[in-house]
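Coordinate analysis (summary)
For reference, the chains in residue letters:
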Amino acid sequence: MRKTTLLKKNLNGIIKSVIWSLALVLTFNLSSYGLIVGNFQKVQGRVSVIKKGAFRGVSYKKVTGIEVGDVVRTKRKSFADILFIDKSRVLLKESSRLIVEKFIPKKDVSLKSPYGKVIYKIAKAPKGTYKIKTPTALIGVKGTVLATIVTEDFSMIIVKEGTVEVVNPEFP
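Let me sum up the structure you'll find in this document. (Residues numbered from 1 in each chain as written. Predicted model: local features only at pLDDT ≥ 70, side-chain atom pairs only at ≥ 80, totals over all residues. Heavy atoms only, no water.)

1. Observations regarding the overall build of the chain
The number of helices and strands found in the chain is 1 helix and 13 strands. Its helices and strands in sequence order give the chain the pattern α-β-β-β-β-β-β-β-β-β-β-β-β-β, from N to C terminus. Going through the 172 residues of the chain one by one, you find that 35% of them count as buried. Here the chain has roughly 11,200 Å² of accessible surface; of this, 59% comes from carbon and sulfur atoms. (Helix = DSSP H or I, 4+ residues; strand = E, 2+ residues; numbered from the N terminus. Buried < 20%, exposed > 50% of the residue type's maximum accessible area, 1.4 Å probe, protein only. Areas by Shrake-Rupley, 256 points an atom, 1.4 Å probe, with all protein chains shown as cover.)

2. What about the side chain of Ser78?
Within the secondary structure layout, Ser78 lies in the loop between β5 (71-74) and β6 (79-84). By relative accessible area, which is 4% here, Ser78 ends up buried. A polar side-chain atom of Ser78 sits 2.7 Å from the main-chain amide nitrogen of Arg46. Apart from residues lying up to four places away in sequence, Ser78 is in contact with Gln44, Gly45, Arg46, Val47, Leu92, Lys93 and Glu94. (Polar contact = N/O pair within 3.5 Å; in protein donor to acceptor, adjacent residues only side chain to side chain. Contact = heavy atoms within 4.5 Å.)

3. Quick word on the side chain of Asp86
Within the secondary structure, Asp86 sits in the loop between β6 and β7 (89-92). Buried within the structure, Asp86 lacks any salt-bridge partner; its nearest side chain of opposite charge belongs to Lys87, at an N-O separation of 8.4 Å. Engagement of the side chain of Asp86 in a polar contact is seen with the backbone nitrogen of Ser88, the distance being 2.9 Å. Excluding residues within four positions of it along the chain, Asp86 makes contact with Phe103, Pro105, Ala123 and Tyr130. (Lys, Arg positive; Asp, Glu negative; His and termini not counted. Salt bridge = Lys/Arg side-chain N within 4 Å of Asp/Glu carboxyl O.)

4. Digging into a positive patch on the surface
A grouping of Arg46, Lys75, Arg76 and Lys77 is seen on the molecular surface, where their side chains present a positively charged patch. Tracing the backbone through its elements, the reader meets Lys77 in the loop between β5 and β6. Residue Lys77 is classed as exposed on the basis of its relative accessible area, which comes to 66%. (Patch = residues over 30% accessible without salt bridge, like charges linked within 9 Å, V, L, I, M, F, W, Y side chains within 5 Å. Charge placed at Lys NZ, Arg CZ, Asp CG, Glu CD.)

5. A few points about the nonpolar core
Counting 28 residues, the largest nonpolar core has Phe40, Phe84, Leu111 and Tyr120 as its most contacted members. If we skip the residues at most four places from it in the chain, Tyr120 touches Arg89, Val90, Leu98, Leu111, Ser113, Ile132, Thr144, Val145, Leu146 and Thr148. (Core = buried A, V, L, I, M, F, W, Y, C linked by side-chain atoms within 4.5 Å.)

6. Here we look at the pattern of salt bridges
On inspection of all chains with the given rule, the structure shows 5 salt bridges. Note that Lys133 and Glu101 form a salt bridge whose closest N and O atoms lie 3.1 Å from each other. Here Glu101 lies in strand β8 (residues 97-104) and Lys133 lies in strand β11 (residues 129-133), a separation of 32 residues in the sequence. When its relative accessible area of 29% is taken as the criterion, Glu101 is described as partly exposed. For Asp108, the salt bridge identified is with Lys131, shortest N-O distance 3.7 Å. In this pair, Asp108 is assigned in strand β9 (residues 108-112) and Lys131 in strand β11, connecting sequence segments 23 residues apart. Beyond isolated ion pairs, a larger network of salt bridges with shared partners links Lys102, Asp108 and Lys131.

7. Quick notes on the pairing of strand β1 (residues 36-44)
Note that β1 and strand β4 (residues 66-67) share 2 bridges and pair antiparallel. Looking at the pairing, Ile36 lines up with Glu67 of β4. Note that β1 and β6 share 6 bridges and pair antiparallel. Paired with Phe40 across the strands is Ile82, a residue of β6. (Pairing = 2+ DSSP bridges.)

8. Things to note about the pairing of β7
Every second residue of β7 is oriented toward a common face, the buried set being Val90 and Leu92 and the non-buried set Arg89 and Leu91. In the sheet, β6 pairs with β7 via 4 bridges, with the strands oriented antiparallel. Opposite Leu83, over in β7, you have Arg89 as the bridge partner. Hairpin connection of β6 to β7: 4 residues between the antiparallel strands, including Lys87 at a positive phi of 75°.

Here it is in structure tokens:
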């Protein structure tokens, strides 16, 4: 009788451990793929989203939210204001592009801006990395308000508030 009770306790403990492990794995894996990490707050003009794996973009009106792997692009005389789940805000000005490469709140966020004018208001996080990549710069930020103006040849970074660390990946 005592062995049976001990066996049940051990089995229950093993089952609980497996369930918690599975929940953690799913949380971290799903937090970077397939879940909505941001939403459009205000949009003007022609704004489209290219979903991960797709060739063509669709109007922002046809997507339920922004996911990891999505590309958001604005056309002439357009802009998009995006609020991410960590309370960070990104404003894409006209003729700009933003790629959500990775988004695990308070752990690891990576956004890519291949061209255009983008204003970032990054929420303060106690730990983790928040990176913005351009063709000529890698920008590490924490609780910062900054703007980038990017072409394929240069990146201008304007810091309004906070601190950034900037590195040219080709000349570390």
